[in-house]
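This is what each chain is made of:
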Amino acid sequence: MDNFLQLYECEPAQNTFRKDVMQGLGQQPKSLPSKYFYDETGSALFEQICSLDDYYVTRTELQIMQDNIGEMTALLGPRCLLIEYGSGSSTKTRMLLDHLPQPAGYVPIDISREQLYASVLTLHERYPQLELFPVCTDYTNDFELPEPRGEVARKVVYYPGSTIGNFDPGEAQAFLHRIAGICRGDGGLLIGVDLKKDFALLHRAYNDRDGVTAQFNLHLLERINQELGADFQREHFNHYAFYNPEAGRIEMHLVSLQEQAVRIEQMPIHFKRAESIWTENSYKYSLDEFARLAAGAGFTVRRIWLDKEALFSVQYLSV
Ligand code: AVI
């Protein structure tokens, strides 16, 4: 265990929370970056969302992985360094690690220190021979990737869950362009991409019957209260999520139920009745749209795996 701890590299997450909150709530329309959902409570709520019947995303992606894991891991091959952006609890990754021949190491990257620690401990117990290089950072900023000392045949970035959909297309392309720099040579990107589909199914996924997505969204206000001493009252806001077909995205908002002023560090923020804070976009792509986006970042789509209803895709891209 001591040896394992020496291997541990963890950069402190950069604290720009205050600045981003003040800026987001000071502009019109008001908005907050969705990456701030994921503190300890928010990450736990997201895990809960992933196991909901109404949220088809996770179970569909897991099924695609399960059905095709042999082909996927054969593509990745031996001595592959697996790098995961937004690793969370690393549940899907375990499926890859169970089948990958002699991996060169695993680099989980996550903004939530608690979740990263917990998942690294679990992984170390399950794969004692696997070299782990955890990085705690906001991966939307530049950071240095750890370099293992052993032989690395190729670097493969794993980006599941359709988290790419939480970026606007321009930001998504810029992010993919950065990833392309890592995959150059023989490497690749294994990515989960959610697809355009029936609006009712999408609506249900973001307005689940158990109200967990609503809690997840509203928790952002509590995080601002806890960390910035604000006085948001969550019962004065409503979770509101809908599919915007023209833009091809789910939009999540927190709508003010009344005219009100909220104080953040003594600074009053005014809300009109029905004014919203835009908290998240979740873009849904057609296969062609995503291929075009990836091509603009220098990637070619090599392989696409789908579920029977073509709700979701897992894709392997190379430069
Ligand atoms: C992490 N991300 C892909 C989720 C999504 O579906 O956009 C976050 C989420 N928001 C509400 N439910 C789930």
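Our structure is the block above this text.
In short, a report on the structure.

## Observations regarding the packing of aromatic side chains
- All told, the structure shown has 21 aromatic pairs when counted by the stated rule.
- Ring-pair connections join several aromatic residues into one group, and the members of that group are Y85, Y139, F143, Y159, F167 and F175.
- A cation sits over an aromatic face here: K30 above F271, 4.9 Å from the ring centre.
- We note R223 situated over the ring of F17; from NZ or CZ to the ring centre the distance is 4.5 Å.

## Focus on the site of the ligand
- Taken together, 14 residues sit near the ligand, with Y55, N166, Y206, E280 and S282 positioned nearest.
- Side-chain polar atom of Y55 to an oxygen atom of the ligand: 2.5 Å apart, as the coordinates give it.
- The side chain of S282 places a nitrogen or oxygen atom 2.7 Å from an oxygen atom of the ligand.
- Protein chains shield 97% of the accessible area of the ligand, which is 340 Å² for the free molecule.
- Mapped by element, the contributors of at least two residues to the shell around the ligand are α3 (40-50), α9 (212-228) and β11 (276-283).
- Residues of the shell around the ligand, tallied by class, amount to 7 nonpolar, 6 polar and 1 charged.

## Topic: the sheet that holds strand β7 (residues 237-244)
- Across the sheet, which stays open at both edges, the 4 strands sit in the order β1-β11-β8-β7 with mixed pairing between neighbours. Pairing within the sheet leaves two strands with one partner each, and these edge strands are β1 (30-31) and β7.
- Relative to strand β8 (residues 249-256), α9 is tilted by about 55 degrees, and along the sheet it contacts β7, β8 and β11.

## Let's talk about the nonpolar core
- In terms of nonpolar packing, the biggest core is built from 61 residues, with L82, I224, F232, I264 and I277 touching the most fellow members.
- Ignoring anything within four residues of it in the chain, the contact list for I277 reads L25, K30, S31, L32, L221, F232, F237, M252, H253, L254 and F271.
- The next biggest cluster of nonpolar side chains, apart from the first, holds 32 residues, and it includes L189, V193, A297 and L317.

## Some points on the packing of helix α7 (residues 169-183) against helix α10 (residues 287-296)
- At a minimum axis separation of 8 Å, α7 and α10 run at an interaxial angle of 50 degrees. With respect to α10, the axis of α7 lies oblique. For the crossing formed where α7 meets α10, the hand is right-handed. When α7 is examined against α10, the residues P169, A172, Q173 and L176 are found in contact with a partner set consisting of F290, R292, L293, A294 and G296.
- Within the contact of α7 with α10, the residues separate by chemical class into 6 nonpolar, 2 polar and 1 charged.

Conventions adopted
Sequence positions are assigned chain by chain, starting from 1 and proceeding in written order. Only residues with pLDDT of at least 70 get local features here, since the model is predicted, and only at 80 or more are side-chain atom pairs given and counted; chain-wide, interface and lining totals rely on the full set of residues. Think of the side-chain values as coming from all heavy atoms in the structure, minus any hydrogens and water. Think of it this way: a Phe, Tyr or Trp ring, Trp meaning its six-membered ring, pairs with another when their centres are within 6.5 Å, and the plane angle makes it stacked under 30 degrees, edge-to-face over 60, tilted otherwise. A ring is scored as having a charge over it whenever the NZ atom of a lysine or the CZ atom of an arginine sits within 6 Å of its centre and within 35 degrees of its normal. Whether a residue is near a molecule or strand is decided by its heavy atoms; if any one of them lies within 4 Å of it, the residue is near. Counted as a polar contact is a pair of N or O atoms within 3.5 Å, where, for protein atoms, one must be capable of donating a hydrogen and the other of accepting one, and residues adjacent in sequence contribute only when both atoms are in side chains. Surface exposure here means Shrake-Rupley accessible area, sampled with a 1.4 Å probe, where a residue is shielded only by the protein chains that are shown. Here a helix means four or more residues in a row that DSSP labels H or I, a strand means two or more in a row labelled E, and each is numbered from the N terminus. Asp, Glu, Lys and Arg are counted as charged, while Ala, Val, Leu, Ile, Met, Phe, Trp, Tyr, Cys and Pro are counted as nonpolar; the rest, among them Gly, fall into the polar class. At least two bridges found by DSSP between two strands are what make those strands a pair. Throughout, a contact is declared for two residues whenever any of their heavy atoms are within 4.5 Å. A fitted line through C-alpha atoms represents every axis, and for helices the fit uses only the stretch in contact; the resulting angles, taken between N-to-C directions, go from 0 to 180 degrees. Among buried residues, those of type Ala, Val, Leu, Ile, Met, Phe, Trp, Tyr and Cys that are joined through side-chain atoms within 4.5 Å constitute a nonpolar core. Burial here depends on accessible area, computed with a 1.4 Å probe over protein chains only, as a share of the maximum for the residue type. Under 20% is buried, over 50% is exposed, and the range in between is partly exposed. Any angle that is under 35 degrees is reported as roughly parallel, and any over 145 degrees as roughly antiparallel; angles of 65 to 115 degrees are reported as roughly perpendicular and all others as oblique. The crossing is said to be left-handed when, going from far helix to near helix, the turn is anticlockwise and less than a right angle, and right-handed when the turn is clockwise.

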